[in-house]
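Residue-level listing of the chains:
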Amino acid sequence: MGIVRKQFTCVQFTCFRQYQASTLLITDNDQIASSSNSILPKEVTLLAQYPGSNGPPKTEALALSMRLFITTAFDTIYRRHLSHRPEVFAFIGRVELVAAHYRWTALIIDGVATTDFNYVRPYTNYNSPVTDFTSKDFTCNTGSTAAPGIADVKAGSKLGFKLDQPIYHAGVLNVYMGKVPSGQTAATWDGSGTNWFKVSQLSAVTNGGTSITFPTDNIASYNFTVPSSLPSGQYLVRIEHIALHVASSFWGAQFYIACGQINVTGGGSGSPSPLVAIPGVYTGNEPGILINIYWPIPTTYTQPGPAVWP
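Residues numbered from 1 in each chain as written. Predicted model: local features only at pLDDT ≥ 70, side-chain atom pairs only at ≥ 80, totals over all residues. Heavy atoms only, no water.

*Asks:* Can you walk me through the sheet that holds strand E8 (residues 104-109) in this structure?
*Replies:* Sheet strands line up and pair through hydrogen bonds in the backbone, either parallel or antiparallel. Pairing is antiparallel in the open sheet, where 4 strands are placed in the order E9-E8-E11-E16. Either end of the sheet is taken by a strand with one partner, and the two such strands are strand E9 (112-113) and strand E16 (221-225). One ladder, built from 5 bridges, connects strand E11 (residues 158-163) with E16; its direction is antiparallel. Directly across from Gly 160, in E16, lies its bridge partner Asn 223. (Pairing = 2+ DSSP bridges. Helix = DSSP H or I, 4+ residues; strand = E, 2+ residues; numbered from the N terminus.)

In structure tokens form, the structure reads like this:
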């Protein structure tokens, strides 16, 4: 088998960001090998174009979404095919495709999707997730501003968020609600204070170290039930997908965030708890945030954040 050293470079309108030691071995049968001769399947190679070529690859690569991180390819391949070969993990996160990510754009009320950013606060962070969980941006995403509308939602009904494309990073999901303080509205409150409580989550599935899977993979929306005992009034509802594909180092977890503006009607007399502040809910050292999901395969997974209410 002939092997030639190559460096990743550009693919059409996007480029791979090169990191140290990012040289891979490209074989003559469209596979990628590490210096220790670990072989990665063909689909990774199809994302790359080699120096000196006359343009992007003319094969299936053009059919692949240019919005994917190259780390996602490694992530998927590693988890599905090579989870027993820890040396492959050395390459995950070294080469990254720069392009748009998935975004939460609209509320879903009783199964009906609303207009994008009519009730979901618009934000300026079109390309990258939030990684600083101490920043004000962590509340409703970078540059978020008031949405034009406040949606009426019945307590006990279904509420959800829609994405502009399916989730493609391994990770978990939380939904928080925050009661708007007296004298403010869901459009004016900035989310500050210890007013937030968790109402839903979608965690990872483990089986003692044989595998770890993520039910959020490939979903394009997420729905949950508004607690029937939730008191009536205005709330911000905040969704986050915590991508864990490069979470083995501090600040590595990626948070895909959005906030919706709602008015709950027909509510009850419950007392949501525990209450947290956002930012402030995470330290970054939680075992479900600072984690290597590849090797060794986690035997258990602890969902970040407080318990779900009620």
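That shown, we press on.
*Asks:* Honestly, the sheet that holds strand E18 (residues 254-265) in this entry has me stumped. Any pointers?
*Replies:* Pairing in this open sheet of 5 strands is mixed, and the strands run E10-E18-E17-E12-E13 from one edge to the other. At either end of the open sheet lies a strand with only one pairing partner, and these are strand E10 (151-154) and strand E13 (196-202). Averaged over all pairs of adjacent strands, the angle between strand axes in this sheet comes to 35 degrees, irrespective of strand direction. Here strand E12 (residues 171-179) runs beside E13; their pairing, made up of 6 bridges, is antiparallel. Bridge pairing in E13 links Leu 173 to Leu 202. (Axes fitted to C-alpha atoms, helices over the stretch in contact; angles between N-to-C directions.)

*Asks:* Would you take a moment to explain the pairing of E8 for this structure?
*Replies:* Taken residue by residue, a regular strand's side chains alternate between the two faces of the sheet. In terms of burial, E8 is largely enclosed, as 6 of its 6 residues are buried. Where E8 meets E11, 5 bridges bridge the pair, whose relative direction is antiparallel. From the neighbouring strand, Leu 107 faces E11, where its bridge partner is Phe 161. The sheet contact formed by E8 and E9 spans 2 bridges and is antiparallel. When the sheet's bridge partners are listed, Ile 108 is paired in E9 with Ala 113. Hairpin connection between E8 and E9: a loop of 2 residues separates the two successive antiparallel strands, and Asp 110 in this loop has a positive phi of roughly 50 degrees. (Buried < 20%, exposed > 50% of the residue type's maximum accessible area, 1.4 Å probe, protein only.)

*Asks:* In this structure, what is going on with empty space enclosed by the protein? I would like to understand it.
*Replies:* It is a probe the size of a water molecule, rolled over the atoms, that shows where empty space is left. Evaluation of the coordinates by the stated rule reveals 3 cavities of 30 Å³ or more. Estimated volume of the largest cavity: approximately 70 Å³. Around the largest cavity, the lining is made up of 14 residues, and of these Tyr 102, Arg 103, Asn 125, Asn 141 and Tyr 256 lie nearest the centre. By residue number, the principal contributor to the lining of the largest cavity is E18, which donates 3 residues. Split into classes, the residues belonging to the lining of the largest cavity amount to 8 nonpolar, 5 polar and 1 charged. (1 Å grid on protein atoms, 1.4 Å probe; cavity = no way out; pocket = protein on both sides within 12 Å on 5 of 7 lines; lining within 4 Å. Points joined across faces, edges and corners; volume = space filled by probe spheres on them. Nonpolar A, V, L, I, M, F, W, Y, C, P; charged D, E, K, R; others polar.)

*Asks:* Explanation requested: the pattern of salt bridges in the structure shown.
*Replies:* Close approach of charged atoms allows side chains with opposite charge to pair. Going through the model one piece at a time under the given rule, you end up with 3 salt bridges. The residue Arg 103 makes a salt bridge to Asp 164 at a minimum N-O spacing of 3.2 Å. Here the residue Arg 103 occupies a position in the loop between strand E7 (96-97) and E8, and Asp 164 occupies one in the loop between E11 and E12, the gap between them amounting to 61 residues. The residue Glu 240 makes a salt bridge to Arg 238 at a minimum N-O spacing of 2.7 Å. For Glu 240, a relative accessible area of 0% translates into the label buried. (Salt bridge = Lys/Arg side-chain N within 4 Å of Asp/Glu carboxyl O.)

*Asks:* Before we go on, may I ask you to explain the pairing of E18 in this structure?
*Replies:* E18 sits mainly inside the fold: 11 of its 12 residues count as buried. When E10 meets E18, the two strands line up parallel, connected through 4 bridges. Bridging across to E18, Lys 154 finds its partner in Thr 265. When strand E17 (residues 233-243) meets E18, the two strands line up antiparallel, connected through 11 bridges. From the neighbouring strand, His 241 faces E18, where its bridge partner is Tyr 256.

*Asks:* What am I meant to see in the packing of aromatic side chains here?
*Replies:* The relation between two aromatic rings is expressed through the spacing of the ring centres and the mutual angle of the planes. According to the stated counting rule, one finds 13 aromatic pairs in the structure shown. Geometrically, the ring pair formed by Phe 138 and Phe 255 is edge-to-face, given 4.9 Å between the ring centres and 80 degrees between the ring planes. In this pair, Phe 138 sits in helix H3 (residues 137-140) while Phe 255 sits in strand E18, placing the two residues 117 residues apart along the sequence. Considered together, Phe 138 and Phe 255 belong to a single accessibility category, that of buried residues. Geometrically, the ring pair formed by Phe 255 and Tyr 282 is stacked, given 5.9 Å between the ring centres and 25 degrees between the ring planes. Of this pair, Phe 255 sits in strand E18 while Tyr 282 sits in the segment after E18; the two residues are 27 residues apart in sequence, bridging distant segments of the chain. Assessed through its relative accessible area of 1%, Phe 255 is described here as buried. The exposure class of Tyr 282 is buried, given its relative accessible area of 4%. Among the aromatic residues, those joined into a cluster by ring pairs are Tyr 102, Tyr 168 and Tyr 256. Just above the ring of Phe 138 sits the side chain of Arg 238; from NZ or CZ to the centre is 4.8 Å. (Phe/Tyr/Trp six-rings, centres within 6.5 Å; stacked < 30°, edge-to-face > 60°. Lys NZ or Arg CZ within 6 Å of the ring centre and 35° of its normal.)

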